[in-house]
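Next come the chains, spelled out residue by residue.
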Amino acid sequence: MFAFIARRLVATLPVLLFVAIFVFMLLRLTPGDPAAVIAGDNATSDQVDAIRAKLGLEEPLHTQFFIWSGKVLAGDFGESFFFKKTVAELIIQRIEPTAMLALCTLLLAVSIAVPLGVLAAAKQGGWVDRLVMGFSVMGFSVPVFVVGYLLIYVFAILPWEIPIPWTGTVLDLGGQWLPVQGYRRISEGFGDFIIRLILPSITLAVIYIALVSRITRASVIETLGEDYIRTARAKGLPARTVLLRHALRNAAVPIITVIGIGIALLIGGVVVTESVYNIPGIGRLTVDAVLARDFPVIQVVILMFSFVYVLINLLIDIAYSFFDPRIRY
């Protein structure tokens, strides 16, 4: 196992190197002088020269790459030209909201999607199966930002007033049941922290539930047709035991795989969701940096997301052996 982990870590180095080269060239391939792009339209020639000297743009390209790589490995990600802070400081400030939103979404989606997929497979062709498949199609079809604005309208704008027949009165249930803007850190109180993550997590989890439930259903249905399932049924085992202990466990590998692949959807959805709910996380930082052409921040965010994605795929590969004893590394 340790040899496998070591081999996979070594195998990730070319991927990270390719991403690092792409991130480095991002600024250099921008049309025009990179220093002028960073300085903006109103900058003087002295300011452009100062930025050029600070970035080492007078050096050959390969020398610039080695200087930049050395700084990144040493934890020196440079300074944001828009926020006037070091990029490391910005990342540390914004990492908690994004990490908590991703964690809540992952827990919510997996805890709903896997049981739904198993239930749909067990009731194949029934109304539960059709309902789950219909939700899956809807989840893929509706963009994340549409789901977010719909939830904001329902829980913060729509007046919940129910007219009572024959009395001429209206039952006012109030509005804004859940907060739809901002973020509270967990250190400021767990209740306020979790209640502000409910709507963003649901928004982000819809497409994830659609994906995982669909793959879970397909994997479990395929497993239910295997000979060992018929043998288990012939031995008189209860249907629930056959479904959960034998079918679901043997269908776990594709489910785990799609959960890992779905992390990419999660990362992309975080950028949109944080913008919709005004959450000061990495996604919102990315949008602000792109709009301000803040290249040092953009470079580090892309590099960080790539590293996280590679690391998660490594963890998924390691998890295979725990769910399927036949897989050995």
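Predicted model, so just to flag it, every value in this text is computed and none were measured.

A. Main features of the overall build of the protein. Helices and strands together make up the secondary structure of the protein, namely 14 helices and 2 strands. Within the span of the protein, comprising 329 residues, buried residues form 40% of the whole. Of the contacts made within the protein by residues no fewer than 6 positions apart, 68% connect residues no fewer than 24 positions apart. For the protein, the accessible surface area stands at approximately 18200 Å², while carbon and sulfur atoms represent 68% of it.

B. Structural view of the pattern of salt bridges. Tallied over the full model, the rule gives 6 salt bridges. Put simply, R230 and D227 hold a salt bridge, and the shortest N to O gap is 2.2 Å. Of this pair, R230 and D227 both sit in helix α10 (residues 227-234), separated by 3 residues, roughly a single helical turn. By relative accessible area, D227 is classed as exposed at 52%.

C. How the structure looks around the packing of helix α13 (residues 282-291) against helix α14 (residues 295-323). For the pair α13 and α14, the least separation of the axes is 9 Å and the interaxial angle reads 140°. Considering only the axes of α13 and α14, their crossing is left-handed. For the pair formed by α13 and α14, the contact residues are I282, L285, T286, A289 and V290 on the first element and V297, I298, V301, M304 and F305 on the second. Classifying every residue of the contact of α13 with α14 gives 9 nonpolar, 1 polar and no charged.

D. Inspection of unusual backbone geometry at higher detail. A positive phi angle, near 55°, is found at N278, a position not held by glycine. Mapped onto the elements, N278 comes out in the loop between α12 (252-276) and α13. Exposure remark for N278: the relative accessible area of 34% places this residue in the partly exposed category.

E. Spotlight on the packing of helix α9 (residues 198-224) against helix α11 (residues 239-250). Packing of α9 against α11 leaves a shortest axis separation of 8 Å and a crossing angle of 115°. Put simply, α9 runs roughly perpendicular to α11. Where α9 crosses over α11, the two elements pack in a sense that is right-handed. Here V220, T223 and L224 of α9 come into contact with α11, specifically with L243, H246, A247, L248 and N250. Considered class by class, the residues forming the contact of α9 with α11 number 5 nonpolar, 3 polar and no charged.

F. Layout of the side chain of S201. Among the structural elements, S201 can be located in helix α9. Residue class for S201 comes out buried when judged on its relative accessible area of 4%. Only 2.6 Å separates the side chain of S201 from the backbone oxygen of L197, close enough to count as a polar contact. Setting aside its immediate chain neighbours within four residues, S201 contacts L101, C104, T105 and L108.

G. Examining the nonpolar core more closely. Ranked by size, the top nonpolar core spans 58 residues in total, and within it I91, V212, V220, Y277 and V297 carry the most contacts. Residue assignment for this core shows that the elements contributing at least two residues are α5 (87-122), α7 (144-157), α9, α10, α11, α12, α13 and α14. With near-sequence residues (within four places) excluded, V212 lies in contact with A113, V114, I255, V258 and I259. A20, F65, W68 and L303 belong to the second-largest nonpolar core, a separate cluster that totals 9 residues.

H. Region of the structure containing α13. Along α13, the residues classified as buried are I282, G283, L285, T286 and A289. Taken down its axis, α13 places every buried residue within 155° of arc, on the same side. Taken from the residues just after α13, R293 is the one with a positive phi, measuring 55°.

I. Fine view of the packing of aromatic side chains. Under the definition given, this model contains 3 aromatic pairs. Between the aromatic rings of Y183 and F193, the centroid separation amounts to 6.1 Å while the plane-to-plane angle is 80°, which identifies the pairing as edge-to-face. Taken together, the positions of Y183 in the loop between β2 (169-172) and α8 (190-195) and F193 in helix α8 put the pair 10 residues apart, joining distant regions of the chain. Among the residues examined, F193 registers a relative accessible area of 3% and is labelled buried. Taken together, Y183, F190 and F193 form an aromatic cluster joined through their ring pairs.

J. Structural view of the environment of I279. With respect to the helices, strands and loops of the structure, I279 is situated in the loop between α12 and α13. Sequence separation between I279 and V180 is 99 residues; the distance between their C-alpha atoms is 9.7 Å. Residues in contact with I279, not counting those within four places in the same chain, are P97, L101, G182, Y183, P200, E274 and R284.

K. The environment of I152, seen in detail. Tracing the sequence through the fold places I152 in helix α7. In the structure, I152 is positioned 124 residues away from V276 in sequence and 9.2 Å away in space, judged by C-alpha atoms.

Here is what the cut-offs are and how they apply
- Residues numbered from 1 in each chain as written.
- Predicted model: local features only at pLDDT ≥ 70, side-chain atom pairs only at ≥ 80, totals over all residues.
- Heavy atoms only, no water.
- Helix = DSSP H or I, 4+ residues; strand = E, 2+ residues; numbered from the N terminus.
- Buried < 20%, exposed > 50% of the residue type's maximum accessible area, 1.4 Å probe, protein only.
- Contact = heavy atoms within 4.5 Å.
- Areas by Shrake-Rupley, 256 points an atom, 1.4 Å probe, with all protein chains shown as cover.
- Salt bridge = Lys/Arg side-chain N within 4 Å of Asp/Glu carboxyl O.
- Axes fitted to C-alpha atoms, helices over the stretch in contact; angles between N-to-C directions.
- Left-handed = near helix turned anticlockwise from the far one by under 90°.
- Nonpolar A, V, L, I, M, F, W, Y, C, P; charged D, E, K, R; others polar.
- Parallel < 35°, antiparallel > 145°, perpendicular 65-115°, else oblique.
- Polar contact = N/O pair within 3.5 Å; in protein donor to acceptor, adjacent residues only side chain to side chain.
- Core = buried A, V, L, I, M, F, W, Y, C linked by side-chain atoms within 4.5 Å.
- Arc of directions from axis to C-beta.
- Phe/Tyr/Trp six-rings, centres within 6.5 Å; stacked < 30°, edge-to-face > 60°.

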